[in-house]
Structure formats: structure tokens, C-alpha cells
Amino acid sequence: MAFYDSWNYRRYVGWWVLMALSIGLFASLSWAGSVLKLGSLLANPDAYQSKIVRVEGIVAKHQLTHIKGLAKNVDKCVQSFTVTDETGAMQAAYSANCSSAMNLLRNQDRVTMEARFEWAPGKAGMLNVQDVLAKMAP
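Residues numbered from 1 in each chain as written. Predicted model: local features only at pLDDT ≥ 70, side-chain atom pairs only at ≥ 80, totals over all residues. Heavy atoms only, no water.

## Notes on the sheet that holds strand 5 (residues 126-136)
Part 1: Sheet architecture is closed into a barrel: five strands sit in the order 1-2-3-5-4, paired in mixed fashion. With direction set aside, neighbouring strand axes in the sheet form an average angle of 50°.
Part 2: Direction of pairing for strand 1 (residues 52-68) relative to strand 4 (residues 110-118): antiparallel, over a ladder of seven bridges. Within the sheet, the bridge partner assigned to Arg54 lies in strand 4 and is Glu114. (Pairing = 2+ DSSP bridges. Helix = DSSP H or I, 4+ residues; strand = E, 2+ residues; numbered from the N terminus. Axes fitted to C-alpha atoms, helices over the stretch in contact; angles between N-to-C directions.)

Have a look at this one:
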């Protein structure tokens, strides 16, 4: 009888674990698939303040600043640029390792990125890029 009870317990716990994982997967997939337009960020900045958003657009006015790290010979490249879509344009900044060519952006690249949206009243919005998910050269 003890084996049967332990089997039921494992089945019950396993079902709840499976449900929790499934809900987490579907929630992350639905969030991950939603690309926001820059115009919606600019139209309702309070709703997106300090949140990670996914945006897509074209890189323009790209500038690269190379920062030579003193510790552990780490080289960082800070890239500042304007990202533009059909609804608007916004400044963005992306800090990445200089040694990886995949991290370096160029003017006219079409990018999909996750960024933290920063905004203060009376100032333009800013995207602090966390990750470039896709990049396509012109």
C-alpha cells in the first residue's frame, strides 16, 4: 500500500510541476513574440517606464565608442544610435564586447532587440539595449 501512495504522490506533484512549466513556457512565448512599435512607446511612456520591451527597426546615426578595460583586459564597445520604424524614432545605446563582430551594429542594419525603456517627463525616450536578438545587414 505504501508504494501505491508514494506513486500517487509523485504523480500528483509531477502534474503540478508540468502545469507550472507549461504556464511559464506559454507566458514567455506570448511575451517574447510581441514586438512593440516605437510610436506606442512614445505615446504611452508611463506604461513602459523601466520595462524590458522588444522592438524592431533600422539603425541610423550609429556611433561607436571603444572603452579599454583596465581589469582583465576587457574591451567594451558602447554603441549609440537611432532606431527607426514606421511609427517613430528613438535613441538607443548598446554596450557589448568589442571582440565579437556579431555584436557590432552598422547604419541601415535591421535589428530586433530587447531593451529597457527609460523616460523622464520633458525628455525623449531612450532604449538601453540588453540584447540584439536578430540583425540583418542591408
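Next comes the rest of the account.
## Overview of the confidence of the model for the chain
Fine structural detail should not be taken from predicted coordinates in areas where pLDDT scores are low.
Part 1: With 70% of its residues at a pLDDT of 70 or more, the chain has an overall mean of 79.
Part 2: Mean pLDDT across the elements of the chain ranges from a minimum in helix 1 (residues 2-32), with 56, to a maximum in strand 4, with 93. (pLDDT = per-residue confidence, 0-100.)

## Some thoughts on the nonpolar core
Part 1: In this structure, Leu41, Phe81, Met113, Leu127 and Val129 are the most contacted members of the largest nonpolar core, which totals 19 residues.
Part 2: Going through the elements one at a time, helix 2 (38-43), strand 1, strand 2 (75-85), strand 3 (88-97), strand 4 and strand 5 are the ones with two or more residues in this core. (Core = buried A, V, L, I, M, F, W, Y, C linked by side-chain atoms within 4.5 Å. Buried < 20%, exposed > 50% of the residue type's maximum accessible area, 1.4 Å probe, protein only.)

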